[in-house]
Amino acid sequence: MDSLAHVERIQCTAEFPVTQRLHVPTMEEYRRQYDLSIKRPGKFWAEVAADFTWQSPLPADESAILSYNFDLNDGPIEVQFLKGVKTNISYNLLDRIIARGSGERIAYFWEGNELGEQKSITYSELRLEVVRFANALKRQGVTPGDRVAIYLPVTIELVVAMLACARIGAIHTVVFAGFSSQSLADRMVDARCTVLVTADAAFRGEKFLHIQTIIDEAVAVVLRRALPLKAIILVRHFAASANRNKAAYEATMAAYQSPHQALYLPWDEVVRTDGSDDECEPEWLDAEHPLFILYTSGSTGKPKGVVHTVGGYMLTTALVFKHAFNYVEGDIFFCTADLGWITGHTANVYGALANGATSILFEGIPNYPKPDRLWAIIDGYRANIFYTAPTAVRSLMKYDEKYVLAHPMKELKLLALVGEPINKEAWFWFFRTVGKERCPIVDTYFQTETGAPMIFPVPGPVALKPGSATLPFFGILPVILDENGKEIYGSDSGFLAFKQAWPGIARTVDGNHERFEQTYFAKFPKYYFTGDAAFRDSDGYYWITGRTDDLLNVSGHLLSTAEVESALLNDKRISEVAAVSMPHAIKGQCICVYVVTKNGYIYDDEVEKDLRNLIRKTIGPVATPDLMLAVRGLPKTRSGKIMRRVLGKIARGEQDFGDISTITDETIIDHLIEARMAKSD
Ligand code: WT7
């Protein structure tokens with residue numbers, strides 16, 4: 001498609017703007033720091049910690065800094081980093097930066113859904129809002145260790161709520177505001193949240209979202225399940241919106257009567273601005289105190305509440321942010337991730353603020369009002385670091401290039417990606433059309449559980465290979481394992497695992513440590529198993545090739561096939577379902593479901609519509625299948641196991657089914673293929 005597509009390896013040389021001031025100037029320096037971080041992690045991390053504020057001295061003995069057990073045979077899985085040392089992350093992100101003289105620096109530019117909807121907030125202003133909101137939370141009875149749910153569009157209030165929790169030792173759990181009421185309720189009950197912070201309504205592109213009806217549905221569920229919810233703090237976001245269709249919804253908003261009115265407290269009423277709340281001594285917490293819970297899909301269907309801790313997460317996100325983007329003072333960082341995902345937590349909030357960076361928060365969507373929105377934002381704010389997902393790149397490259405070219409984006413120095421493997425065509429389009437061949441693309445591989453990127457090209461010294469996340473970052477020791485859990489050396493493919501702990505790794509699944517151990521440490525004793533497969537080439541570069549479990553990656557978000565199936569089984573007309581993944585040109589992967597109806601029920605358009613709605617309501621729109629196939633039965637083994645591998649192949653139009661000798665009914669295969677062909681376009 002273009003002149004660069006044959007290029008296999010790109011070295012950042014003088015013409016890359018980022019190379020002008022590198023934190024890691026040479027391969028020798030990368031190797032020196034990497035070796036130190038692996039051989040003497042205590043010494044390495046103590047040096048990183050020296051930049052931060054701790055309320056008690058760090059241990060003098062470097063072996064007491066990071067300790068862990070990754071082997072179930074030796075007892076429970078455990079990671080401890082700076083255990084017993086006290087700190088506060090909101091203090092380190094705000095007060096510490098202000099004390100360095102950067103209080104007047106912009107922490108965030110906020111760009112709303114509508115053109116021209118803009119705000120900004122300095123570090124000092126942000127600190128004040130955080131302190132006031134922390135006091136407001138305290139008045140609601142929130143104490144250290146309590147859980148606070150946050151369900152908000154990308155707004156400054158969302159960051160304030162997170163950091164206010166962190167200031168008083170409350171544990172935040174942000175739920176992406178595109179999730180359904182059922183998903184929100186499940187998470188709130190699982191995490192035992194006593195306070196919820198949310199908004200009345202928002203616009204997403206043209207679409208009006210009455211968030212409060214979602215909240216009220218969720219609240220009905222959580223109260224039924226006896227969750228002692230004390231308060232819902234409501235941001236009046238609708239009133240502030242400049243959407244041109246706002247008038248059409250004003251009557252809806254005015255007429256809405258919440259059945260749970262007594263629980264609601266408007267944000268601007270709980271926050272005192274008369275000066276009486278302008279100080280809030282941070283809660284000095286053990287470095288191992290939980291900072292937040294973030295839910296991610298699990299292969300048994302029920303999402304896992306991944307727990308990250310104050311000290312380890314702080315240092316890991318701070319260091320990764322500095323190095324992955326070669327952040328230097330004055331840079332303007334723009335990441336499109338919603339704050340409800342780990343990338344939003346790590347890059348936009350904790351990593352950025354720990355470095356005193358200026359970031360852009362964007363509430364809207366890339367193609368509203370026109371498909372040049374992201375490019376206009378980069379240009380308008382002179383952003384020089386742009387971090388996004390392959391799915392966004394693929395969806396934007398389908399539009400005319402004129403949308404990109406209208407915006408020179410002269411400041412851009414670095415592009416970065418996260419969430420899923422990127423195909424070469426999209427990589428080169430991003431490199432050439434957006435980055436003008438001047439910006440390295442830092443492909444960052446990580447997971448909700450790993451807290452921050454683990455494998456990425458440290459910009460400058462590490463040559464890029466389009467499609468590869470390249471080499472491990474400091475403190476990270478990846479291995480490729482065969483199916484018996486034996487390490488494979490040299491160039492080969494296998495299961496991607498990590499052999500050593502790093503400070504930012506998740507400590508547990510909230511309320512279910514056994515599930516944490518079983519999910520990540522049981523399959524391959526002594527290793528943290530990522531669930532991904534990878535190929536390591538002869539230069540030692542890692543190429544992530546995809547999931548090895550029942551999880552699929554739709555637009556950079558993990559979903560579990562079990563979760564989709566159990567949602568559909570709530571329809572009484574359905575007897576069996578199986579969900580599998582299919583490749584999708586923009587989303588990377590999408591969902592295909594096979595549906596078997598009960599005797600007496602006919603699968604028609606109406607049923608299909610209901611099933612789609614059921615998924616939207618139980619999980620959220622992101623899980624809506626792209627293909628639904630009504631079939632008379634599913635292929636099963638004699639032991640009754642659904643042969644998902646076969647269903648996946650049929651969905652993808654592949655012919656080679658491998659060994660299917662254990663199937664109970666051979667004729668089903670032709671029937672399934674026919675059903676698939678009838679729906680191919
Ligand atoms: C899974 C984790 C962490 C960001 C958001 C997703 C896949 C992530 C890459 C990458 C290839 C990637 C993996 C991983 N993944 N980054 N750069 N290249 N694959 O977080 O929902 O926890 O998903 O996303 O499969 O296991 P998540």
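Residues numbered from 1 in each chain as written. Predicted model: local features only at pLDDT ≥ 70, side-chain atom pairs only at ≥ 80, totals over all residues. Heavy atoms only, no water.

Notes on the sheet that holds strand β20 (residues 441-444)
In spatial order, the strands read β5-β4-β17-β16-β18-β19-β20; together these 7 strands make up an open sheet with mixed pairing. Edge positions in the open sheet fall to β5 (118-122) and β20, since each of these has one partner strand only. Averaged over neighbouring strand pairs, the angle between their axes works out to 20 degrees when direction is ignored. Inspection of the sheet shows strand β16 (residues 332-335) paired to strand β17 (residues 358-362) by 3 bridges, in the parallel sense. In the sheet register, F333 faces β17, and the bridge partner there is S359. (Pairing = 2+ DSSP bridges. Helix = DSSP H or I, 4+ residues; strand = E, 2+ residues; numbered from the N terminus. Axes fitted to C-alpha atoms, helices over the stretch in contact; angles between N-to-C directions.)

Regarding the site of the ligand
In the vicinity of the ligand there are 18 residues, among which D443, T444, T448, D532 and R547 approach most closely. One of the backbone N or O atoms of T444 is found 2.8 Å from a nitrogen atom in the ligand. At 2.8 Å, a side-chain N or O of Q447 approaches an oxygen atom of the ligand. Expressed as a share of its isolated accessible area of 560 Å², the protein-covered part of the ligand is 95%. (Near = heavy atom within 4 Å. Polar contact = N/O pair within 3.5 Å; in protein donor to acceptor, adjacent residues only side chain to side chain. Areas by Shrake-Rupley, 256 points an atom, 1.4 Å probe, with all protein chains shown as cover.)

Notes on the environment of G419
Residue placement: G419 occurs in the loop between β19 (414-418) and α16 (424-434). For G419 and K370, which are 49 residues apart along the polypeptide, the C-alpha to C-alpha distance reads 24 Å. Here G419 is in contact with T444, N553 and G556, once residues within four sequence places are set aside. (Contact = heavy atoms within 4.5 Å.)

Concerning unusual backbone geometry
Each neighbour pair has its own omega, and for Y368 with P369 the value is -5 degrees, a cis peptide bond. In this structure, R192 is a non-glycine residue whose phi angle is positive, near 55 degrees. Looking at where R192 falls in the secondary structure, it is placed in the loop between α6 (181-191) and β8 (193-199). Positive phi, normally seen in glycine, also occurs at K526, with a value near 85 degrees. Mapped onto the elements of the fold, K526 is located in the loop between α17 (513-521) and β25 (528-536). Residue K526 is classed as partly exposed on the basis of its relative accessible area of 49%. (Buried < 20%, exposed > 50% of the residue type's maximum accessible area, 1.4 Å probe, protein only.)

Side note on the side chain of T198
With respect to the helices and strands, T198 occurs in strand β8. On the basis of relative accessibility, which here comes to 0%, the residue T198 falls in the buried class. At a separation of 2.8 Å, a polar atom in the side chain of T198 contacts the main-chain carbonyl oxygen of Y151. Not counting residues within four places of it along the chain, the set of residues in contact with T198 comprises Y151, L152, I211, I215, I232, I233, L234 and V235.

Some thoughts on the domain arrangement of the chain
Here the chain is described as being made up of domain 1 (2-88 + 297-546), domain 2 (125-283) and domain 3 (555-678). Using C-alpha coordinates to define each centre, domain 1 is positioned 33 Å away from domain 3. Opposite the 13 residues of domain 1 that make contact, domain 3 presents 12 residues. Across the domain 1/domain 3 interface, buried area totals approximately 950 Å², and carbon plus sulfur atoms make up 57% of it. In this structure, the connection of domain 1 to domain 3 is made through 0 salt bridges. (Domains from an automatic or database assignment. Buried area = accessible area lost by both parts, 1.4 Å probe. Salt bridge = Lys/Arg side-chain N within 4 Å of Asp/Glu carboxyl O.)

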